[in-house]
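Residue-level listing of the chains:
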Amino acid sequence: MQSSPMPAITPEQRVLDNLRDTLQAYVAGDVAATAVVTVFRGQAPALALPEAFQRVLDELLRRLEMADVFSQDSCSFSSTGIQEQLGVWLDKAEARVSGRTA
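This text gives an overview of the structure that appears in the document. Quick caveat, the model's predicted, so the values are computed rather than measured.

Criteria and thresholds
- Residues numbered from 1 in each chain as written.
- Predicted model: local features only at pLDDT ≥ 70, side-chain atom pairs only at ≥ 80, totals over all residues.
- Heavy atoms only, no water.
- Axes fitted to C-alpha atoms, helices over the stretch in contact; angles between N-to-C directions.
- Helix = DSSP H or I, 4+ residues; strand = E, 2+ residues; numbered from the N terminus.
- Parallel < 35°, antiparallel > 145°, perpendicular 65-115°, else oblique.
- Left-handed = near helix turned anticlockwise from the far one by under 90°.
- Contact = heavy atoms within 4.5 Å.
- Nonpolar A, V, L, I, M, F, W, Y, C, P; charged D, E, K, R; others polar.
- Core = buried A, V, L, I, M, F, W, Y, C linked by side-chain atoms within 4.5 Å.
- Buried < 20%, exposed > 50% of the residue type's maximum accessible area, 1.4 Å probe, protein only.

Overview of the packing of helix 2 (residues 33–43) against helix 3 (residues 51–69)
In step 1: Contact pair helix 2 / helix 3: the axes reach a minimum separation of 9 Å and the direction vectors enclose 165°. The orientation of helix 2 relative to helix 3 falls into the category roughly antiparallel. Between helix 2 and helix 3 the crossing geometry is left-handed. Residue-level inspection shows Ala33, Thr34, Val36, Val37, Phe40 and Arg41 of helix 2 in contact with helix 3, the latter providing Leu57, Asp58, Leu61, Arg62, Leu64, Glu65 and Asp68.
In step 2: Considered class by class, the residues forming the contact of helix 2 with helix 3 number seven nonpolar, one polar and five charged.

Written out as structure tokens, the structure reads:
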């Protein structure tokens, strides 16, 4: 039986995969919050998402930076909550990008 060819991975999907891998590495403790912020800020614009996506992402990254700078005791932002919110942002960004490329 011949397998069907794998669909081509779009540049947008590569960016999303890299962002998701970066977030997973952060959750696992393999990369620092500053690396997450740098990767997301550097690569997310390539997705060409609506302005609202960028505003939400900027706020989430700002909170992640604050949670990293201040100890959890003095920071009102939970890094776990921010991780989850970044995951939701990625899911919504992927849905938006998939809708464009389908």
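There is more to say after this.
What to know about unusual backbone geometry
In step 1: The phi torsion at Ala48 lies on the positive side, around 50°, for a residue other than glycine.
In step 2: Tracing the backbone shows Ala48 in the loop between helix 2 and helix 3.

Let's talk about the nonpolar core
In step 1: Of all hydrophobic cores here, the largest spans 24 residues; its most connected members are Leu19, Phe40, Leu47, Leu64, Leu86 and Trp89.
In step 2: Looking at this core, the elements with two or more residues in it are helix 1 (11–27), helix 2, helix 3 and helix 4 (79–101).
In step 3: Each residue touching Leu86, except ones within four places of it in the same chain, is listed here: Leu23, Val36, Phe40, Leu57, Leu60, Leu61 and Leu64.

Observations concerning the side chain of Gln83
In step 1: Its location among the elements puts Gln83 in helix 4.
In step 2: Given the relative accessible area of 16%, Gln83 is considered buried.
In step 3: The contacts of Gln83, once residues within four sequence positions are left out, are Leu23, Tyr26 and Val27.

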